[in-house]
Amino acid sequence: MTLVVARRIGDELAVVSDTRVTGECVLHSSLLDGALKTIIVSPYLCVSFAGNVGVARQALASVLDGTLESREDIAAHLLKCHKEHKGTTDFLLASCGTSVALDKIADGKWEPDVSCAYVGHHAAFEDLQGFANKTLGTGYVWGPDPVATIRHFETASASRMADALREVIESGRHESVGNFVVVASSGNVDGIGFRYTSYA
């Protein structure tokens, strides 16, 4: 399995995922046995998956080659692949541009326009929530510029998601969640669009 968590923060989206591949997809037992599970398809579209890597590659082929363009067509395609393979792979579809949306494809259905979602290991997600909530208790002081302060708070929220996932990985409690954290987010001061972001 794996863990991918996405959240709408204001008019932006943040997605964090691990990179560990387990099960029949593993060729060697090393840190190099990973996969990018959050793929930025375009400045306005990001697709993440949890589950069977082969099914995900097959499903993403039509998205990556540009055959499918609209959010609705892509979501319908991912749902079809999800169902054809008996739910072995779940997806999150994040889109921005003219509108901001986060969609979840799991459990045999498409849940459009959710504010937050995860796919992957449930117990690891519960741990992630616990680690993230630990940092909320520190309090937050509003600065003199509310807009800049809100922007900083939103960035801090994405960073907190990444930090919480890193803590889940470092805890070693969930064998199928590991390697390193990948963070993708939409929008910044330079304009709208998905990008991979770094964190320290």
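Presented here is an overview of the structure given in this document. (Residues numbered from 1 in each chain as written. Predicted model: local features only at pLDDT ≥ 70, side-chain atom pairs only at ≥ 80, totals over all residues. Heavy atoms only, no water.)

## Structural notes on the pairing of strand 2 (residues 12–17)
- For strand 2, a buried count of six out of six residues is recorded, marking the element as mostly surrounded by other parts of the structure.
- Residues Glu12, Ala14 and Val16 of strand 2 are buried on one face, and the alternating residues Leu13, Val15 and Ser17, pointing to the opposite face, are buried as well.
- As defined by bridge partners, strand 1 (residues 3–9) adjoins strand 2 across six bridges and the pair is classed as antiparallel. Each bridged residue has a counterpart across the sheet, and for Ile9 the counterpart in strand 2 is Glu12.
- Where strand 1 hands over to strand 2, the hairpin turn is made up of two residues, of which Gly10 adopts a positive phi near 65°. (Buried < 20%, exposed > 50% of the residue type's maximum accessible area, 1.4 Å probe, protein only. Helix = DSSP H or I, 4+ residues; strand = E, 2+ residues; numbered from the N terminus. Pairing = 2+ DSSP bridges.)

## Structural notes on the side chain of Ser17
- Along the chain, Ser17 turns up in strand 2.
- Note on Ser17: relative accessible area 0%, which makes it buried.
- Polar side-chain contacts of Ser17 include one of 2.9 Å to the side chain of Thr38.
- Dropping the residues within four chain positions of it, Ser17 is found in contact with Leu3, Val4, Lys37, Thr38, Leu165, Phe180, Val181 and Val182. (Polar contact = N/O pair within 3.5 Å; in protein donor to acceptor, adjacent residues only side chain to side chain. Contact = heavy atoms within 4.5 Å.)

## Here's the deal with the pattern of salt bridges
- Tallied over the full model, the rule gives eight salt bridges.
- Note that Arg8 and Asp11 form a salt bridge whose closest N and O atoms lie 3.8 Å from each other.
- Note on Asp11: relative accessible area 61%, which makes it exposed.
- Taking the shortest distance from any N to any O, the salt bridge between Lys80 and Glu84 comes out at 3.8 Å. In this pair, Lys80 and Glu84 both sit in helix 2 (residues 71–84), four residues apart, roughly one turn of the helix.
- Note on Glu84: relative accessible area 47%, which makes it partly exposed.
- In this structure, a network of salt bridges that share partners links the residues Arg8, Asp11 and Asp113. (Salt bridge = Lys/Arg side-chain N within 4 Å of Asp/Glu carboxyl O.)

## With respect to the state of the cysteines
- The tally for this structure, following the rule as stated, stands at zero disulfides.
- No disulfide involves Cys96; its sulfur sits 9.1 Å from the nearest other cysteine sulfur, which is in Cys46.
- Exposure remark for Cys96: the relative accessible area of 8% places this residue in the buried category. (Disulfide = S-S within 2.5 Å.)

## Here we look at helix 1 (residues 53–64)
- Taking 1.5 Å per residue, twelve residues should reach 16 Å; helix 1 reaches 15 Å between its end C-alpha atoms and fits that length.
- For helix 1, the full list of buried residues reads Val53, Val55, Ala56, Ala59, Leu60 and Val63. Projection of helix 1 onto a plane perpendicular to its axis shows the buried side chains occupying an angular sector of 150°, all on one side.
- Buried residues along helix 1 sit against strand 3 (38–42), strand 4 (45–51), helix 2 and strand 5 (89–95).
- The residue sitting at the N-terminus of helix 1 and contributing the capping side-chain oxygen is Asn52; that oxygen lies 2.8 Å from the backbone nitrogen of Gly54. (Expected span 1.5 Å × (residues − 1). Arc of directions from axis to C-beta.)

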